[in-house]
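The chain contents come next:
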Amino acid sequence: MFERRDDMVQYYARRATEFERIYSKPERQDDLRRLESMLSECFTDLDVLEIACGTGYWTQIAALSARSIVAVDCNDEVLDIARRRDFGRCPTDFIKSDAYTLEGVSGEFSAGLMAFWWSHVAQIDLPRFLRVLHGKLAVGATVFVLDNRYVKGSNTRVSRTDGDGNTYQVRRLSDGSEHEVLKNFPNAATFAKTIDGYGSNLEFTELPYYWVARYQLTGMPDQQSTD
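Residues numbered from 1 in each chain as written. Predicted model: local features only at pLDDT ≥ 70, side-chain atom pairs only at ≥ 80, totals over all residues. Heavy atoms only, no water.

## Remarks on the pattern of salt bridges
- Per the stated rule, a full pass over the model turns up 10 salt bridges.
- Its salt-bridge partner being glutamate 20, residue arginine 85 comes within 2.1 Å of it at the nearest N-O pair. One end of the pair, arginine 85, is in the loop between α4 (76–82) and β3 (92–96); the other, glutamate 20, is in the loop between α1 (6–14) and α2 (29–41), and 65 residues separate them in sequence.
- Among the residues examined, arginine 85 registers a relative accessible area of 21% and is labelled partly exposed.
- The partly exposed category is assigned to glutamate 20, whose relative accessible area is 27%. (Salt bridge = Lys/Arg side-chain N within 4 Å of Asp/Glu carboxyl O. Helix = DSSP H or I, 4+ residues; strand = E, 2+ residues; numbered from the N terminus. Buried < 20%, exposed > 50% of the residue type's maximum accessible area, 1.4 Å probe, protein only.)

Structure below.
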């Protein structure tokens, strides 16, 4: 069973209408423009599976180059917002599904996208999560991941670290409610170790406030030669 906490799911449901306020922080604007530029060009002629799409902010940018997109999230609240966006000529379907099972997602995709989701997966669950995701992708698929770096004064402070090394933040919504959210901040070395056996040609880029990783899926570990 995955180490997923229901309160985090409820937090993102309740945060739906204020989801994108985080992108208005002045100090992050240069980084965000770089991320948007990178993402808008990396899926040319590819069929993309996006995990935890939220309100579709990054889906809309990926649609500038993608051939098609299937985007999943477990919350109706954010999916309702995402479906109202304009995705131009890119056929874009939204499916309510659990990222840890991807139940209801059919077909084989030539690219995968995770925007600000990797950090919410407990370290013990990453290998199993990746097996589910990679099981939906074709060998050779491009996987694009972007997420936060921890920058004191810009990020919500880390409130605690558990015995497995996962870090947490306590976040307050505009309704006054407080929620403890798992939020990890990997570096290049830990990311490379996690995808070992799955991916090759890893490119890991650190911006002042964000990190970006891109790799090619080589297959599942038990499908590869042990010679």
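Anyway, onward from the coordinates.
## With respect to α2
- Helix length check: α2, at 13 residues, gives a terminal C-alpha distance of 19 Å against a target of 18 Å (1.5 Å per residue), a fit within 8%.
- Taken together, the buried positions of α2 are occupied by Asp31, Leu32, Leu35, Glu36, Leu39 and Ser40. The buried residues of α2 all sit within an arc of 160° when viewed along its axis, so they share a single face. Along α2, exposed side chains directed more than 90 degrees from the buried face belong to Asp30 and Glu41.
- In this structure, the buried side of α2 is in contact with α3 (57–62), β4 (109–115), β5 (137–148) and β10 (210–217). (Expected span 1.5 Å × (residues − 1). Arc of directions from axis to C-beta. Contact = heavy atoms within 4.5 Å.)

## Quick word on the sheet that holds β5
- Reading across the sheet, the seven strands line up as β3-β2-β1-β4-β5-β10-β9 and stay open at both edges, with mixed pairing between neighbours. Every other strand in the sheet has two partners, leaving β3 and β9 (199–206) as the edge strands with one partner each. Recorded for the sheet is a direction-independent mean angle of 15° between the axes of neighbouring strands.
- Note: β4 against β5, six bridges, orientation parallel. Residue pairing across strands places phenylalanine 109 opposite leucine 137, the latter belonging to β5.
- Against the sheet, helix α6 (residues 188–195) makes contact with β5, β9 and β10, and its axis sits at roughly 160° relative to β9, the strand it touches most. (Pairing = 2+ DSSP bridges. Axes fitted to C-alpha atoms, helices over the stretch in contact; angles between N-to-C directions.)

## Describing the sheet that holds strand β6 (residues 158–161)
- If you trace the three strands from one edge of the open sheet to the other, you get β6-β7-β8, paired in antiparallel fashion. With one partner strand each, in any of the chains shown, β6 and β8 (178–182) form the two edges of the open sheet. Averaged over all neighbouring strand pairs, the angle between strand axes comes to 30°, with direction disregarded.
- When strand β7 (residues 167–172) meets β8, the two strands line up antiparallel, connected through five bridges. Opposite glutamine 169, over in β8, you have valine 181 as the bridge partner.

## Points about the packing of aromatic side chains
- Counted by the stated rule, this structure contains 17 aromatic pairs.
- By the ring-pair criterion, three or more aromatic residues cluster together here, those being Tyr23, Tyr57, Trp58, Phe116 and Tyr210.
- Its end group placed over the ring of tyrosine 168, arginine 160 keeps NZ or CZ at 4.0 Å from the ring centre. (Phe/Tyr/Trp six-rings, centres within 6.5 Å; stacked < 30°, edge-to-face > 60°. Lys NZ or Arg CZ within 6 Å of the ring centre and 35° of its normal.)

## Brief notes about the environment of threonine 44
- With respect to the element layout, threonine 44 can be found in the loop between α2 and β1 (47–51).
- According to the relative accessible area criterion, threonine 44 is partly exposed, its value standing at 49%.
- Sequence-wise, threonine 44 and leucine 64 are 20 residues apart; in three dimensions their C-alpha atoms are separated by 8.5 Å.

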